[in-house]
Amino acid sequence: MKILIINGPNLNALHLRDKSQYGTLSLKEIEEKIASSFPEIEFEFFQSSGEGEIIDKIIVSTGKADALIINPAAYSHTSFAIRDALEIFRGPKIEVHLSNIFGREDFRHTSVTAAACTGMICGLKEFSYIAAVYSVKKLIGNE
Ligand code: DQA
């Protein structure tokens, strides 16, 4: 099973961001934690701050990755283009957020991208990703 994990803008700078919202791990440390928690799974990690690059990655990965876990970061609140790309991807798709977007500023309460996903997990810091991988395994029937 191959799972693609996409992280959007500013998530490569987690070490410089608000630790009370995003936790203490860098993106590289989160990726290492995911990979070591599920040694049986093949992961591909992709980070970009560019909307177009994220869209292109989703499109070329359809049919190649079995499932997609995505944190579109601020694009979650604005990007109908990423939402359209997510609708094209075949396989389980889980949107994740480190912070609880519903407990923050009003503009974060809406995710336009989550509607195109199978489900959404937020507020568990790095464990949002771990919970998403568990969910994908269950959805694919490969527990
Ligand atoms: C985030 C939440 C977004 O509102 C924010 O713009 C981010 C990170 C999260 O993981 O909590 O950059 O997606």
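Residues numbered from 1 in each chain as written. Predicted model: local features only at pLDDT ≥ 70, side-chain atom pairs only at ≥ 80, totals over all residues. Heavy atoms only, no water.

### Considerations on the site of the ligand
In the vicinity of the ligand, the contacting residues are Arg17, Tyr22, Asn71, Ala73, Ala74, His77, His97, Leu98, Ser99, Ile101 and Arg108. Between the ligand and the protein, one listed contact pairs an oxygen atom with a side-chain N or O atom of Asn71 at 2.8 Å. The contact in question runs from an oxygen atom of the ligand to an N or O atom on the backbone of Leu98, over 2.8 Å. Expressed as a share of its isolated accessible area of 320 Å², the protein-covered part of the ligand is 98%. (Near = heavy atom within 4 Å. Polar contact = N/O pair within 3.5 Å; in protein donor to acceptor, adjacent residues only side chain to side chain. Areas by Shrake-Rupley, 256 points an atom, 1.4 Å probe, with all protein chains shown as cover.)

### Focus on the sheet that holds strand 3 (residues 67-71)
Taking strand neighbours across the sheet as the criterion, the five strands line up as 2-1-3-4-5 in an open arrangement whose pairing is parallel. Edge positions in the sheet fall to strand 2 (42-47) and strand 5 (119-122), since each of these pairs with one other strand and no more. Taken over all neighbouring pairs, the strand axes of this sheet differ in orientation by 20 degrees on average, direction set aside. Note: strand 1 (residues 2-7) against strand 3, five bridges, orientation parallel. Residue Ile6 lies in a different strand from strand 3, and its bridge partner there is Ile70. With respect to the sheet, helix 5 (residues 127-140) is in contact with strand 1, strand 2, strand 3, strand 4 (93-97) and strand 5, its orientation differing from that of strand 4 by roughly 170 degrees. (Pairing = 2+ DSSP bridges. Helix = DSSP H or I, 4+ residues; strand = E, 2+ residues; numbered from the N terminus. Axes fitted to C-alpha atoms, helices over the stretch in contact; angles between N-to-C directions. Contact = heavy atoms within 4.5 Å.)

### A short note on the nonpolar core
If you look at the biggest cluster of nonpolar residues, it comprises 24 residues, and the most contacted ones within it are Ile3, Ile34, Phe43, Ile69, Tyr129 and Val133. Of all the elements in the fold, those that place two or more residues in this core are strand 1, helix 2 (27-37), strand 3, strand 4 and helix 5. Per-element tally for this core: the top contributor is helix 5, with five residues. Counting residues in each nonpolar core, the second largest holds 16 residues, with Ile6, Ile55, Ile82 and Leu86 among its members. (Core = buried A, V, L, I, M, F, W, Y, C linked by side-chain atoms within 4.5 Å. Buried < 20%, exposed > 50% of the residue type's maximum accessible area, 1.4 Å probe, protein only.)

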